Amino acid sequence: IGRNLATLAPGSAGVDHNPTSVAFCLATGRRAYVPDEFFELPPEARPRDGLLAAHVLEHLPPGTQEEFLAPYVATLRPGAKVMIVCPQERGYRSDASHTDYVDGPRIVEILRSLGLDVEGWSSFPFPRWAGPVFVYNEFVVVGRVVAPA
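All values reported here derive from a predicted model rather than from experimental measurement.

Mapped onto the secondary structure, His98 falls in the loop between α4 (89-93) and α5 (104-113). By relative accessible area, which is 12% here, His98 ends up buried. For His98, the side chain forms a polar contact with the main-chain oxygen of Tyr92, separated by 2.8 Å. Not counting chain neighbours up to four residues away, the residues in contact with His98 comprise Glu58, His59, Pro87, Gly91 and Tyr92.

A few words on the sheet that holds strand β3 (residues 50-54). Spatially, the 4 strands line up as an open sheet ordered β3-β4-β6-β5, and their pairing is mixed. Lying at the two open borders of the sheet, with one neighbouring strand each, are β3 and β5 (116-124). Strand-to-strand, the axes of this sheet are offset by a mean angle of 15°, without reference to chain direction. Where β3 lies against strand β4 (residues 81-87), 5 bridges are found, and the strand directions are parallel. Counterpart to Gly50 in the pairing with β4 is Lys81. Sheet strands in contact with helix α3 (residues 65-73) are β3, β4 and β5, and its direction is about 155° off that of β3.

The next thing to look at is unusual backbone geometry. Trans is the prevailing form of peptide bonds, just as negative phi is the prevailing case for residues other than glycine. The amide bond that connects Phe124 to the next residue, Pro125, takes the cis arrangement and shows omega of 0°. Along the chain, the position of Pro125 falls in the loop between β5 and β6 (138-145). Residues other than glycine seldom take positive phi values, yet His55 does so here, at roughly 60°. Mapped onto the secondary structure, His55 falls in the loop between β3 and α3. Classification of His55 by relative accessible area gives partly exposed; the value is 32%.

Our next topic: the environment of His17. Secondary-structure assignment places His17 in the loop between β1 (13-15) and α1 (19-27). Given the relative accessible area of 68%, His17 is considered exposed. Separated by 17 residues in sequence, His17 and Val34 have C-alpha atoms that sit 5.3 Å apart. Among the polar contacts made by the side chain of His17, one reaches the side chain of Asp16 at a distance of 3.5 Å.

Attention now goes to the packing of α3 against α5. Orientation of α3 relative to α5, taken along the N-to-C sense of each, is 50°, at an axis distance of 10 Å. Taken together, the axes of α3 and α5 are oblique relative to one another. The handedness of the crossing between α3 and α5 is right-handed. Every residue of α5 that contacts α3 at Gln65, Glu66 and Leu69 is listed here: Arg106, Ile110, Leu111 and Ser113. Along the lines of polarity and charge, the residues of the contact of α3 with α5 split into 3 nonpolar, 2 polar and 2 charged.

What follows deals with the pairing of β3. Judged by which residues are buried, β3 turns out to be one-sided: Leu51 and Ala53 face inward and are buried, whereas Gly50, Leu52 and Ala54, on the alternate face, are not. For the segment spanning β3, α3 and β4, crossover handedness is right-handed.

Among the residues of α3, those classed as buried are Gln65, Leu69, Tyr72 and Val73. Summarising the axial view, the buried residues of α3 lie within an arc of 95°, below the 170-degree limit, and thus occupy one face. Where α3 is buried, its residues touch β1, α2 (35-40), β3, β4, α5 and β5.

Quick notes on the rules
Residues numbered from 1 in each chain as written. Predicted model: local features only at pLDDT ≥ 70, side-chain atom pairs only at ≥ 80, totals over all residues. Heavy atoms only, no water. Helix = DSSP H or I, 4+ residues; strand = E, 2+ residues; numbered from the N terminus. Buried < 20%, exposed > 50% of the residue type's maximum accessible area, 1.4 Å probe, protein only. Polar contact = N/O pair within 3.5 Å; in protein donor to acceptor, adjacent residues only side chain to side chain. Contact = heavy atoms within 4.5 Å. Pairing = 2+ DSSP bridges. Axes fitted to C-alpha atoms, helices over the stretch in contact; angles between N-to-C directions. Parallel < 35°, antiparallel > 145°, perpendicular 65-115°, else oblique. Left-handed = near helix turned anticlockwise from the far one by under 90°. Nonpolar A, V, L, I, M, F, W, Y, C, P; charged D, E, K, R; others polar. Right-handed = clockwise from strand over helix to strand, strands pointing away. Arc of directions from axis to C-beta.

In structure tokens form, the structure reads like this:
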């Protein structure tokens, strides 16, 4: 519904599979699209400097995260940042719609398989020990699109 989108730079856009969420964003003056609309935009009309996927990968069928992210990463320019946020254990268990536990090392592996430069992962807002008990502790991974050689 645009909570993250509201904090991003002007010109940012959201993509959501839920048309109701997209409509809500549009009604609040934000740019948002369902995936088909986003990919129908001419490349120059798509934001290309970064990608934030917060609390998305854990909702996908197991093993489909790379396939899901690849077309979005392909729209980004060299140097663009990609940030992935997924819940740790307690947060994962808190939502019955979570279908695949995606931890920090796995996110790193996914982004590297897509050709991104990734240093590692972090735990937010508390250290990793809080993941099994604090519902809002998250894995955070930031990667960069590598310029072609």
